[in-house]
Amino acid sequence: MCVAAAPARFTGTILYHGLRNHGEHGRVHVLGYQNTAQNLAPGPNAMLLHLPAAGMTQANFIDTSGCPRILRDMVDTLRPVPRAPGGAYGAAPQPAGPPPVQVFDHDVYTVVLATDPTLIPDALEQVPPPKRIPANRPLFDFYAAMYPGYAVALCCFDNREALAANPLLMWYSPHDPDRFALPAIDCHTGAVPDLGAQVLTDHWVVFGTDEARPGWGAEVRYSPHYDRNNLPQAPLHSGPAAPFLPGRVMGVQFTGWHPNGDFVIPHTDVLSGNLGSLRRVAPGWAPPL
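Quick caveat, the model's predicted, so the values are computed rather than measured. (Residues numbered from 1 in each chain as written. Predicted model: local features only at pLDDT ≥ 70, side-chain atom pairs only at ≥ 80, totals over all residues. Heavy atoms only, no water.)

Trainee: An account of the sheet that holds strand β1 (residues 3-4) is needed here, citing residue identities and associated values.
Mentor: Remark on secondary structure: sheet strands pair via backbone hydrogen bonds, oriented parallel or antiparallel. Read across the sheet, five strands follow the order β1-β4-β7-β6-β5 without closing on themselves; strand pairing throughout is antiparallel. The sheet is open, and its two edges are formed by β1 and β5 (101-106), each paired on a single side. Pairing analysis gives two bridges linking β1 to strand β4 (residues 45-51), with the strands arranged antiparallel. Looking at β4, one finds that Val3 is bridged to Leu48. Packing of helix α3 (residues 137-146) onto the sheet brings it into contact with β1, β4 and β7 (151-157), and relative to β4 it is tilted by some 10°. (Pairing = 2+ DSSP bridges. Helix = DSSP H or I, 4+ residues; strand = E, 2+ residues; numbered from the N terminus. Contact = heavy atoms within 4.5 Å. Axes fitted to C-alpha atoms, helices over the stretch in contact; angles between N-to-C directions.)

Trainee: Give me the lowdown on the sheet that holds strand β3 (residues 26-39), citing residues and values where you can.
Mentor: Spatial strand order, β8-β3-β2-β10-β14-β11: six strands in an open sheet with mixed pairing. For this open sheet the edge positions go to β8 (168-172) and β11 (218-219), each flanked by a neighbour on one side alone. Relative to strand β14 (residues 248-259), β11 runs antiparallel, the two being bridged by two bridges. Bridge pairing in β14 places Ala218 opposite Val249.

Trainee: Can you lay out helix α1 (residues 70-78) for me, pointing to particular residues and giving the numbers?
Mentor: Those residues of α1 not exposed but buried are Ile70, Leu71, Asp73, Met74, Val75 and Leu78. If you follow the buried residues of α1, they end up packed against β2 (8-22), β3, β8, β10 (198-209) and β14. (Buried < 20%, exposed > 50% of the residue type's maximum accessible area, 1.4 Å probe, protein only.)

Trainee: Can you lay out the state of the cysteines for me, pointing to particular residues and giving the numbers?
Mentor: As enumerated under the stated definition, the model contains zero disulfides in all. Summary of cysteine pairing: Cys155 is not part of a disulfide, and the nearest cysteine sulfur, belonging to Cys156, is at 7.6 Å. You can call Cys155 buried: its relative accessible area is 0%. (Disulfide = S-S within 2.5 Å.)

Trainee: Tell me about the packing of aromatic side chains, and please be specific about residues and values.
Mentor: Aromatic ring pairs: the centre-centre distance and the angle between the two ring planes describe each pair. This structure, assessed with the given rule, holds eight aromatic pairs. Among the aromatic side chains, those forming a connected cluster through ring pairs are Phe142, Tyr143, Tyr147 and Tyr150. (Phe/Tyr/Trp six-rings, centres within 6.5 Å; stacked < 30°, edge-to-face > 60°.)

Trainee: Which residues make up the nonpolar core, and what are the values?
Mentor: The biggest cluster of nonpolar side chains holds 42 residues, and the ones touching the most others in it are Met56, Tyr109 and Phe207. Look past the residues within four positions of Tyr109 in its chain and what remains in contact with it is Met47, Phe104, Lys131, Cys155, Cys156, Phe157, Ala165 and Leu168. (Core = buried A, V, L, I, M, F, W, Y, C linked by side-chain atoms within 4.5 Å.)

Trainee: Outline the pattern of salt bridges, supporting the account with residue identities and numerical values.
Mentor: Under the criterion given, the structure shown has eight salt bridges. Its salt-bridge partner being Arg69, residue Asp73 comes within 3.5 Å of it at the nearest N-O pair. Asp73 sits in the buried class, given a relative accessible area of 4%. Residue Arg280 is joined to Asp186 by a salt bridge in which the shortest nitrogen-to-oxygen separation is 3.8 Å. Within this pair, whereas Arg280 is found in strand β16 (residues 279-281), its partner Asp186 is found in the loop between β9 (179-182) and β10, the two being separated by 94 residues in sequence. Of the residues examined, Asp186 reaches a relative accessible area of 7% and is grouped as buried. (Salt bridge = Lys/Arg side-chain N within 4 Å of Asp/Glu carboxyl O.)

As C-alpha cells, this is what we get:
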C-alpha cells in the first residue's frame, strides 16, 4: 500500500484516517501512515502519498518523534479482529496561497510537497544528495493526470534511515469533508502503478472520528509519550500529536491479493460502524454518499 520512486519492499503497513474537531483548525481530517521499509535500490529512495487537499504546508506535518508507537497502539487495540473478506475491498481554511512546491525536512525524510507533481523533478535539486532520487518524470506525470488538485508528498530517505522513521501524521481540510479517501495505490518498482493489477496486501486500515456516538469502537491504550527531556507523558494530553489523536478506533486487516487502488468510505458509514462499505477503487471513482 505504497508507491515507491525506486525498487523497495514495504511490509506491515498501517494507514489511519480520522476526523477531528480541532480547537484551532476546526473540522479537519488526519492521515497517519507507517510501514517497515526495505530499500532495494542502490541509492536513495522515496515514497509518494497523495491527499485530497489544497493549501498544505510544512505546518500540516505533525511531529511524532515523542510518540513513535501511536499507530501500532491503534492496531494493538483492534487485535484480534476478523480479516477483511475478499469482497470487502473494494474547518478552518488553511493559509492562502502556499508555494506550488515546498521542500523541508520532517523526521528522517526530506519532503517535497507539491500541488502539481510535474514540478517535483526540478525541485529535487533542493533535496540533499544522500536522499536525492533520480527525476522519475513518468511517475510524477501519472500523479498529475490521476489526481488533479491533490497535494502530493514525496518523502525521500536514504538507506541508513529507512527503518528508523517515526509514523507520518498530517492534518488537512479535505476536498470532500464527508468522505474518507485514503491513499493506497501500490507499486514498489519505481514504475507507473498498474491500476488494473492485483496487488499483495499486508496492512491495517484504521479509522477514528470525534463525531461518533459514545461507546463507538475500541478505546486506544497509548504507549507513553516522551517529552524533550525524555520524561514519559500521557500522549492524549501532551505533545504536538496529542490534539490530533483519536480516543477510540475501528479498523480492518487486509491480507492477500486485492485490486490496486485507493480506499474510500463515507463518513456516515464510519459513524455507524459499517466498515463493510470500505472499497478499494481506481483514481477518480467516487462512491455514493
